[in-house]
Each structure stands twice: as structure tokens, then as C-alpha cells.
Amino acid sequence: MTRRLWGSSTRSEAPPCQGQLYTVEKGDTMYNLALKFSLSVNDLLEANPQVRTPYSIYAGQQICIPKVRPRPKADPVEKETREERHRPQERLWRELPYWMQIFMEHAIFLLAALPCDQEELRREAIAFRERYERLLVGASRVPAEVAGQAISTTREFLAYKQRLLALVIQCRVSAAYALLIDHIAREALEFLRIASGEAEGKSLEALLREEVFWLRIMDDHARFINHLLDPSERQLIEAAESFALIFDDLYRQAEDLQSMLQARPECFSTVSRFTGQVVQKTRDLADFKRQAHDLLEKCQALAVAQPLLLDHVFREAEHFLEILAYLGYRSES
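Reference entry: report on the structure contained in this document. Values in this document were obtained by computation on a predicted structure and should not be read as measured data.

### Digging into the overall build of the protein chain
Then comes step 1: Within the protein chain, the regular secondary structure consists of 10 helices and two strands.
Then comes step 2: A total of 333 residues make up the protein chain; the buried ones form 49% of that total.
Then comes step 3: Summarising the internal contacts of the protein chain: among those between residues at least 6 apart in sequence, 76% fall at separations of at least 24.
Then comes step 4: When the accessible surface of the protein chain is split by element, carbon and sulfur atoms take 51% of a total near 17,100 Å².

Rendered as C-alpha cells:
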């Protein structure tokens, strides 16, 4: 079982279910289950206090799907005003638990990579890990109340990542790959962009912007996995190299299509076909990451990566697929 990295290791007892019991399947998250059953993530968390975060459920676990509660009708003018006010924050609140866990794990990875003589940098990494642990719990329950603190903490963490990257580039600190630090700094910038409200909308521009960002992230993942595997793991290395080539091509094609949008075409069907390819290849990569994670966890593969890292990049692939699903593109599998 995956080690819990936040709060107490003991689980709260599940109360009697006022609805239906559901057995979690591989790849499920509270977010996609909320979409499936027309609920909010908070509805699911309230019905399942034994679940600490939306990303801590596991295959085979039983959770409660509560009955949909009727919501009081609001005055149309008041409803329109409230929706207009909250629309820019909806994505931020929806994704906040995901990002807080991602950033908490970034701190864990940096701490593991920093040499023991870098005491101040290590202390800062530990402090960020602890701050994100606390934010993760709040983000899962009351995202609107902790969003401001999450944004300010992430600005500080971004500055720390950029400072560490400069030290590595100048050969003043030996830590993680420079590209890996740049990679996690880009993710912090992406979160801050979402927090600013720039990421809203379901246009072709929005779709391709998401694809350009996440395809580069997926490409990086394949390269990192390749270079963290033991040289004797030839088949896994070959698979990782193949995925790196595939996602490098997809990333470059997404940039090309994004550039072509400057012509403002009335119809651009190529984007739909391309996105279908992206969904399928991302699902294939997610499956590879999960298989590699399972092999490492069972000590059936050799690598200098911890299983948490493979689980981390698997969840990022799943998150990319969730974004594409939200924008109207779903995997056929």
C-alpha cells in the first residue's frame, strides 16, 4: 500500500452510508467520481470522512456515494451575480487539492536530492513540505478559505525553486537535474496562472494552450524516467525513450497548431484529430508509469527513483486527461 505522507496514519471510521456504496477502480479520483455521479468533491468528502484528500483513494476501497441533495432555488439575478463572481475561481478551487499534493511532493523530492551540507536549503525544503501538508488538508475541505494562503506559499516556493535552479546552473550546488528543477518551477507558474483566472474557457486557444504546457511536462517525465532507471533495465529504458520521442513530436505539433490559430480560421478540424491522438498516447504513458511504479514498489525493477516519484508522474498524466475530459475530449478506453 502507498505510504501516507500527510497527517496521522490512522484512518477515521466510515459512518453509515446515506446513499450507495461504490468500489473504487484503478484510476478513480474523487474529482472524476464527482463528475460521474453529478456531485461536488466536497459532497463526496463529507460523506467519506475516512478519505483525507481527493487523491488518497485506492483501487478496491469502498466509499459512499451520497444521495444528491436538492438545492434551494436562488433568485435569478442573485444567482447570475454569484456565478459571475465565482467563475474565475472555480478551476482554482477544483484543482487546489491536486496542486497542494504535487507541491508537497516537490518539496520531498528536493529534500531527497539536496546534499547534507546544504543545511539552509534543506531547512527551507522541510518548511515548504510542512506548509503544503497543512494546506492539503484545508484544500480538500474548504478550498475557498485556503486559496489565498496557497497562492502566497506557491509564490515563495517558486522563488525558492528558481534560486536553487540558478545555484545548480552555476555549479554552486549539486542537487537534482537542472531540467527537473526547471520543470517543477514551470508547474508552479502554471498554478499561479490558473489562480489569476487566465486559464478559464473552453475555446480552441484554451485547449491548445493546455496541450502545449502538458505535452512538454509528459515529454520531461519520459526523459526523467529514462535517466533514473538502472542501465540494466533495457526494455523499460527503450519504452521510456520511445515515449520521449512520441511526446516531443506531439509537443512540437501542438506548438505548430497553436501558432496557426493566429489566422483565426472558422474551422480547424485538425485540432480535434490531434487531441484524440494526445488522449490515447497520454493514456498509454499513464499505463507505463503505473506499471513502472508497481515494479519499483514490489522491488521487481532497478532504479534510483523512489516509487513515490512514479506515482507522482502518473497522477500528473491522469490530471492532464481530466483537463482534456473537462474540455470535451475523453479516452475511448
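### A word on the packing of aromatic side chains
Then comes step 1: Within this structure, the stated rule accounts for 14 aromatic pairs.
Then comes step 2: Taking 5.1 Å as the distance between ring centres and 75° as the angle between the ring planes, the aromatic pair formed by Y98 and W99 counts as edge-to-face. W99 shares its class with Y98; the two are buried.
Then comes step 3: Where F213 meets W214, the ring centres are 5.0 Å apart and the plane angle is 90°; that geometry is what we call edge-to-face.
Then comes step 4: Relative accessible area serves as the criterion here: at 13%, F213 is assigned to the buried category.
Then comes step 5: Ring pairing ties together the aromatic residues Y98, W99, F103, F128, Y132, F157, Y160, F191, F213, W214 and F320, which thus form one cluster.
Then comes step 6: Taking NZ or CZ as reference, R94 lies 4.3 Å from the ring centre of Y326, over its face.
Then comes step 7: We note R290 situated over the ring of F314; from NZ or CZ to the ring centre the distance is 4.1 Å.

### Quick look at the nonpolar core
Then comes step 1: Residues L96, M100, F103, F191, W214 and L215 are the most contacted members of the largest nonpolar core, which totals 89 residues.
Then comes step 2: Among the elements of the structure, α3 (76-113), α4 (119-141), α5 (143-169), α6 (178-195), α7 (204-228), α8 (234-260), α9 (269-297) and α10 (307-326) are those that each provide at least two residues to this core.
Then comes step 3: One finds Y22, V24, M30 and V51 within the second-largest nonpolar core, a separate group that totals 14 residues.

### Digging into empty space enclosed by the protein
Then comes step 1: The tally for this structure, following the rule as stated, stands at two cavities of 30 Å³ or more.
Then comes step 2: Space inside the second largest cavity adds up to approximately 30 Å³.
Then comes step 3: Along its surface, the second largest cavity is lined by I225, L228, L229, L296, A303, A305 and L310.

### A look at the pattern of salt bridges
Then comes step 1: Tallied over the full model, the rule gives 20 salt bridges.
Then comes step 2: Across the pair E130 and R129 runs a salt bridge, and its minimum N-O distance is 3.9 Å.
Then comes step 3: In this structure E130 comes out as partly exposed when scored by relative accessible area, which is 35%.
Then comes step 4: For the salt bridge of E156 with R131, the shortest nitrogen-to-oxygen distance reads 3.0 Å. Highlighted residues: E156 in helix α5 and R131 in helix α4, separated in sequence by 25 residues.
Then comes step 5: Residue classification places E156 among the partly exposed positions, given a relative accessible area of 38%.
Then comes step 6: With relative accessibility at 24%, the residue R131 sits in the partly exposed group.
Then comes step 7: Each of R91, E95, E190, R193, R209 and E210 takes part in a single network of salt bridges with overlapping partners.

### So, the packing of α7 against α8
Then comes step 1: With their axes 8 Å apart at the nearest point, α7 and α8 run at an angle of 160° to one another. If you check the angle between α7 and α8, you find them roughly antiparallel. With respect to the hand of their crossing, α7 and α8 are arranged in left-handed fashion.
Then comes step 2: In terms of residue class, the contact of α7 with α8 is made up of 15 nonpolar, two polar and eight charged.

### A look at unusual backbone geometry
Then comes step 1: Positive phi is not limited to glycine here, since C171 has a value of about 60°.
Then comes step 2: Counting through the fold element by element, C171 comes out in the loop between α5 and α6.
Then comes step 3: With a phi angle near 60°, C299 is a residue other than glycine that sits in the positive phi range.
Then comes step 4: The exposure class of C299 is exposed, given its relative accessible area of 67%.

### Quick notes on the state of the cysteines
Then comes step 1: Tallying each qualifying case throughout the model produces one disulfide.
Then comes step 2: Linked covalently through their sulfurs, C17 and C64 form a disulfide whose S-S length is 2.1 Å. Linking C17 and C64, the disulfide has an S-S dihedral of approximately 75° and is accordingly described as right-handed. Pair noted here: C17 is in the segment before β1 (19-23) and C64 is in strand β2 (residues 62-66), with a separation of 47 residues, a long-range link.
Then comes step 3: The partly exposed category is assigned to C17, whose relative accessible area is 25%.

### Digging into α9
Then comes step 1: In this model, α9 (29 residues) spans 42 Å end to end at C-alpha, consistent with the 42 Å of a helix rising 1.5 Å per residue.
Then comes step 2: Of the residues trailing α9, C299 is marked for its positive phi of about 60°.

### A closer look at the environment of S242
Then comes step 1: For S242, the location among the structural elements is in helix α8.
Then comes step 2: Each C-alpha atom of the pair S242 and N226 lies 9.8 Å from the other, and the pair is 16 residues apart in sequence.

Analysis parameters
Residues numbered from 1 in each chain as written. Predicted model: local features only at pLDDT ≥ 70, side-chain atom pairs only at ≥ 80, totals over all residues. Heavy atoms only, no water. Helix = DSSP H or I, 4+ residues; strand = E, 2+ residues; numbered from the N terminus. Buried < 20%, exposed > 50% of the residue type's maximum accessible area, 1.4 Å probe, protein only. Contact = heavy atoms within 4.5 Å. Areas by Shrake-Rupley, 256 points an atom, 1.4 Å probe, with all protein chains shown as cover. Phe/Tyr/Trp six-rings, centres within 6.5 Å; stacked < 30°, edge-to-face > 60°. Lys NZ or Arg CZ within 6 Å of the ring centre and 35° of its normal. Core = buried A, V, L, I, M, F, W, Y, C linked by side-chain atoms within 4.5 Å. 1 Å grid on protein atoms, 1.4 Å probe; cavity = no way out; pocket = protein on both sides within 12 Å on 5 of 7 lines; lining within 4 Å. Points joined across faces, edges and corners; volume = space filled by probe spheres on them. Salt bridge = Lys/Arg side-chain N within 4 Å of Asp/Glu carboxyl O. Axes fitted to C-alpha atoms, helices over the stretch in contact; angles between N-to-C directions. Parallel < 35°, antiparallel > 145°, perpendicular 65-115°, else oblique. Left-handed = near helix turned anticlockwise from the far one by under 90°. Nonpolar A, V, L, I, M, F, W, Y, C, P; charged D, E, K, R; others polar. Disulfide = S-S within 2.5 Å. Expected span 1.5 Å × (residues − 1).

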